[in-house]
Structure formats: C-alpha cells, structure tokens
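The chain contents come next:
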Amino acid sequence: MSKLFKIHPADNVAVALSEIKAGYRENGITALEDIPAGHKILLTDLKAGEKVIKYGCPIGHISENSGAGSLVHLHNLKTDLSEKQSYSFSGGKKYTLEKSGIKINAFKRADGNIGIRNEIWIIPTVGCVNKTAQQLEKIGNDLIGDGCDGVFAFTHPYGCSQTDEDQENTRKILAALINHPNAGGVLVVSLGCENTNIAVMKKYLGEIDENRVKFLVAQESGDELAEGARLILELYDRVKVCKREAVGIENLTVGLKCGGSDAFSGITANVLCGKITDTLTRSGAAAILTETPEMFGAEHRLMARSESREVFDGQIKMISDFKEYFYSHKAQCYENPSPGNHDGGITTLEEKSLGCIQKGGNAVVTGVWKYGERCLKKGLNLLAGPGNDIVSTTNLTCAGAHLILFTTGRGTPLGAPVPTIKISSNSALANKKSGWIDFDAGRLINGESLNDICDELLSLIIETANGKKTKNELNGQREIAVFKNGVTL
C-alpha cells in the first residue's frame, strides 16, 4: 500500500499516510529523513524562496534549499501571506437546484421554520443567574415526561458590565438562541437589574409567541425556583403535543466546523463534508461555513464561486474587517495554526485554510453574513466569526444550523446546543475516542469509496435529523460562548 498521498496533480509535496523512515522509497522519491504521519515530504528539489504547492495552491515558500525527499515543516516552510491582498470578480456563478425527494421527519414551527429537536431551553440574560438556570434545568428534567427531548440551560458570563459591540453581540446571540426552532419552548431567566434585561431583550426578539417563550425575573419573584418550575410545566404542556412530520431536506440548515485539525482533515473528513455540502445545497438546503481566520490564504477560491458581485464584495468586507480586528489588537493574523495543528503536520495558515474550506465543497456561495446574523439563503453561506470552537459552534447555532458537522483530527468532546456530529479524519482517533466520534472518515485513506462513505454520512445526517442522538448529546456536552472584543466594566 502506498504511504504517500499527492492531493493535486500540481502539488510538489505529498502527505505521509503513515510514519516513513529515512531511506523509504516510493515513486522515485527517497525519504532523506524520518517523516511523521500526516507531515509533508518534498517531491522535487526547491531553492530558497520557491513556492511549496499543496491542494494545487501555494501554501508558502521554502526558506532554504531543500532536496526531494526532505521533510517540509516549520523549519523550512514560511507563509506568503501579508497585509496586502488583491481580488478580482470573475463573474457570478449560477446556483442551480435539483429535486432530490429526500425527506426528514421534523417539527413544524408556527413561524414556518422546522426543528429537529423538541426541547425546552433555559436562557439566562446575565451570568448572575447561571446557577439558577442550572437548578431549573435539573428541576425541569425531573418534571417533564414523554414528548419533550429534555430541558437544557445555556450559561454564559455576560449580559452586564459590557460596552458597545460586546453588549450588542451578547444580545444578538441570546435572542437567536431564544428563537431557535430546535427549542419548542424557552424560559428566559433574568436577574432584573442587568443591562440586558427582559425589556431590552424583547426588542431583539421580534414577534414573541407567549405560549412558546416565558420570562422569569428573579428579583421580582419570592421563590424563583418554584416560579420557574411552574413556567417549565406550562412550556411542557405546549411542547409535548408537537409531533414529527415528513418535510423535504431543503428545509434543513447544516453548520460546518473543524477543530483539532490534522493533516488528514483536508484530505478525508473535510473533503467528505464538502461532498455532503454539494449534495445538500443542490437539494435546496442551506450550509454555513464560518471561521473567518481559517479562510485567510484560501479566500480567493471561495470568492471565485460567488453567486453575484454583491456576494463577492461581501466576502472582501468580511475578510478585511476580520483582519482589521487582528490589527486593532496589534496581533499577527497569520499565526493561526495551533500547536496541535503543527504536531499533526499543518505548517502555515494557507495550508490550514485550504484544508478548512474543503468543507464547502464546490457549492456556489450565495450569502455572506455578520456575526450573530441568521443565514437566510439556500446554498453555501459564509458567516463571519472567529475559529474558536465554542464561539464558532454557538455562532453556527445562532445563524440557524439545525445540526453541525464537526471534523477533527485530534478529537474533542465539545458540543453545540444543536446536535454536533463529530467526524474523525483518521481511523485511529475514531477507535481511540469512540465515545466522542460519530463517524470515521479516515477509511478514505484505506481506499474506501468517497461516494459510498458520503452515502453513509448522509444517512447519519437524516437519522440525526429524525431524532437519533449524537455523542455530544448522549454525553451531555452542550455549551455556548459569546465573542468578546472590548472592555468589561
């Protein structure tokens, strides 16, 4: 079996599928040194300053003369990214639909949306009532019976002592959680004296269904736990009568996320998600790709797939605004790969980004959205936001994702408020952390058919939409985090 994997015909590096010892020879290339699994081996001699090509694109330049068979990593590969980037619009790409006939069983909501879970969510408006929300979660789960998928509190440390953009972000995120269709009922818990109080939050919620959303102000209640229990029972009476109905898969919105990536992520799990994205968006469903810093160096590929000039310009603004965020904090915006990424074989941000955007497949980019906004377009949507796992999974949830496809090469137990399907890039991780991983994409390395594995993952997505619990749900791993930029008072 081959140990070297060349992703694109134009590449001058290959990925080691397993550890290679110095002297190993394949396809005319002799390893000059040990090459760890997932790391890059040079396929041709390069002089200092020449481009290193992976995914058919430059991922940086070689910093010293290096011969074929050399390890390419931190010691001899440097980024080419700089503050000055130029882009050109090549014309809009037509987004076309195909009738798939694929059905899922979901809960139809009064506002026309669907939910794939029928839960009761408890949303604290301020961190001061986090413990109250958690107590009510326990009380609620003891009270409910059949017809409700559980009571869940989503705590956070914000809602007061925030300024400007941070305060606005908190309110947008909390409002989006309250309005999320996976929640058949919501209890909003307030302290009463915070900046983000009930009166303020109602301005962000739009039209409120008072049977679905209940409000509790702890300072105004003699016994907030007893009052909360009463309100949860009222919500349960509404939630338990909701039933699943068959709807087209075009009603589904799927978030795309990677975390703890390795060098296999861009050739197995992310590629698999890309094929799923193509399948879903052709069927009229929506997919959301976020993690703006992990588009740096690969944004030109996404821009080339813009549906319109407006979408193209939106991408430029999203990229430039996020770079300005880095610069405003005097931070390097091209030092993104983490120590874990480096250990897994990823060297530069270009390399990480080119692997990351594989999750978007070849789908037409139909919309670009700000942090905390709802993604309203069918097709592939780009959502501004950081790469941090908890912040970005929360962002995807609030943008309307019913479930999230989360690829990982090193593993994480993290889960969003919505079902989070963990897809491993390598089989070793899937076997080692079977309690975390829902799907093994590492089988692609062993020669299994991409089409067959894609069909399996699509089946799992449908089963999850129909009610099958993901590992994060079974493990009780559900968290939120709000993007913070400014001063805490």
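Residues numbered from 1 in each chain as written. Predicted model: local features only at pLDDT ≥ 70, side-chain atom pairs only at ≥ 80, totals over all residues. Heavy atoms only, no water.

This part is about the overall build of the protein. On a plain count of helices and strands, the protein comes out with 13 helices and 23 strands. Since a compact globule built from 489 residues should have a radius of gyration of about 23 Å, the 24 Å found for the protein is in line with a globular shape. Across its three principal axes, the protein shows a C-alpha extent of roughly 75 × 45 × 45 Å. With 489 residues in all, the protein has 57% of them scored as buried. Sequence-distant contacts, at least 24 apart, represent 71% of the contacts inside the protein between residues at least 6 apart. Charge centroids of the protein, computed over 55 positive and 58 negative side chains, lie 2 Å from each other. (Helix = DSSP H or I, 4+ residues; strand = E, 2+ residues; numbered from the N terminus. Rg over C-alpha atoms; globule rule 2.2 N^0.38 Å. Buried < 20%, exposed > 50% of the residue type's maximum accessible area, 1.4 Å probe, protein only. Contact = heavy atoms within 4.5 Å. Lys, Arg positive; Asp, Glu negative; His and termini not counted. Charge placed at Lys NZ, Arg CZ, Asp CG, Glu CD.)

Counting buried positions along strand S22 (residues 420–424) yields 5 of 5 residues, so the element is predominantly enclosed. Residues Thr420, Lys422 and Ser424 line one face of S22 and the alternating positions Ile421 and Ile423 line the opposite face, and both faces are buried. Pairing of strand S21 (residues 403–408) with S22, which is carried by 5 bridges, proceeds in the parallel orientation. Considered in S22, the bridge of Phe406 is made with Lys422. For S22 and strand S23 (residues 439–440), the ladder comprises 2 bridges, and the chain directions are parallel. Residue pairing for S23: Ile423 is matched across the bridge by Phe439. One crossover worth recording links S22 to the parallel S23 by way of helix H11 (residues 427–432), and it is right-handed. (Pairing = 2+ DSSP bridges. Right-handed = clockwise from strand over helix to strand, strands pointing away.)

This part is about the side chain of His180. Residue placement: His180 occurs in the loop between helix H2 (164–178) and strand S14 (183–190). Residue classification places His180 among the buried residues on the basis of a relative accessible area of 1%. Those residues in contact with His180 that sit more than four places away from it in its chain are Trp121, Arg212, Thr397, Gly400, Ala401, His402 and Val418.

Throughout the structure, instances matching the rule amount to 9 aromatic pairs. With centroids separated by 5.3 Å and ring planes inclined at 65°, the aromatic side chains of Phe322 and Tyr325 adopt a geometry described as edge-to-face. Of this pair, Phe322 and Tyr325 both sit in helix H7 (residues 309–328), separated by 3 residues, roughly a single helical turn. Relative accessible area serves as the criterion here: at 25%, Tyr325 is assigned to the partly exposed category. When the ring of Phe322 is compared with that of Phe483, the centres are 6.2 Å apart and the planes differ by 10°; the resulting orientation is stacked. Taken together, the positions of Phe322 in helix H7 and Phe483 in the segment after helix H13 (471–474) put the pair 161 residues apart, joining distant regions of the chain. Residue Phe322 shares its accessibility class with Phe483, and that shared class is buried. (Phe/Tyr/Trp six-rings, centres within 6.5 Å; stacked < 30°, edge-to-face > 60°.)

With that out of the way, let us pick up the environment of Ala269. For Ala269, the location among the structural elements is in helix H5 (residues 269–282). In this structure Ala269 comes out as buried when scored by relative accessible area, which is 0%. Sequence separation between Ala269 and Lys94 is 175 residues, and the spatial gap between their C-alpha atoms is 27 Å. Apart from the residues lying within four places of it in its own chain, the contact partners of Ala269 are Phe264, Thr407, Ile423, Ser424, Ser425 and Ala441.

Looking now at helix H9 (residues 349–356). In terms of residue burial, H9 counts as a mostly covered element, since 8 of its 8 residues are buried. Where H9 is concerned, the buried positions are Leu349, Glu350, Glu351, Lys352, Ser353, Leu354, Gly355 and Cys356.

Right, let's talk about the pattern of salt bridges for a bit. On inspection of all chains with the given rule, the structure shows 24 salt bridges. Here Glu234 makes a salt bridge to Arg230, at a shortest N to O gap of 2.5 Å. In this pair, Glu234 and Arg230 both sit in helix H4 (residues 224–239), 4 residues apart, roughly one turn of the helix. Residue class for Glu234 comes out partly exposed when judged on its relative accessible area of 29%. A relative accessible area of 40% places Arg230 in the partly exposed class. A salt bridge links Arg443 to Glu456; its shortest N-O distance comes to 3.0 Å. (Salt bridge = Lys/Arg side-chain N within 4 Å of Asp/Glu carboxyl O.)

What follows deals with the sheet that holds strand S10 (residues 103–108). What the 3 strands build is an open sheet, ordered S11-S10-S16; its pairing is antiparallel. The sheet is open, and its two borders are formed by strand S11 (114–115) and strand S16 (245–248), each paired with just one other strand. For S10 and S16, the ladder comprises 4 bridges, and the chain directions are antiparallel. Bridging across to S16, Asn105 finds its partner in Ala246.

As a further point, take the side chain of His73. In this structure, His73 sits in the loop between strand S8 (71–72) and strand S9 (77–78). Reaching out from His73, the side chain makes a polar contact with the side chain of Thr347 at a distance of 2.7 Å. Beyond its immediate stretch of four places on either side in the chain, His73 contacts His39, Lys40, His342, Gly345, Ile346 and Thr347. (Polar contact = N/O pair within 3.5 Å; in protein donor to acceptor, adjacent residues only side chain to side chain.)

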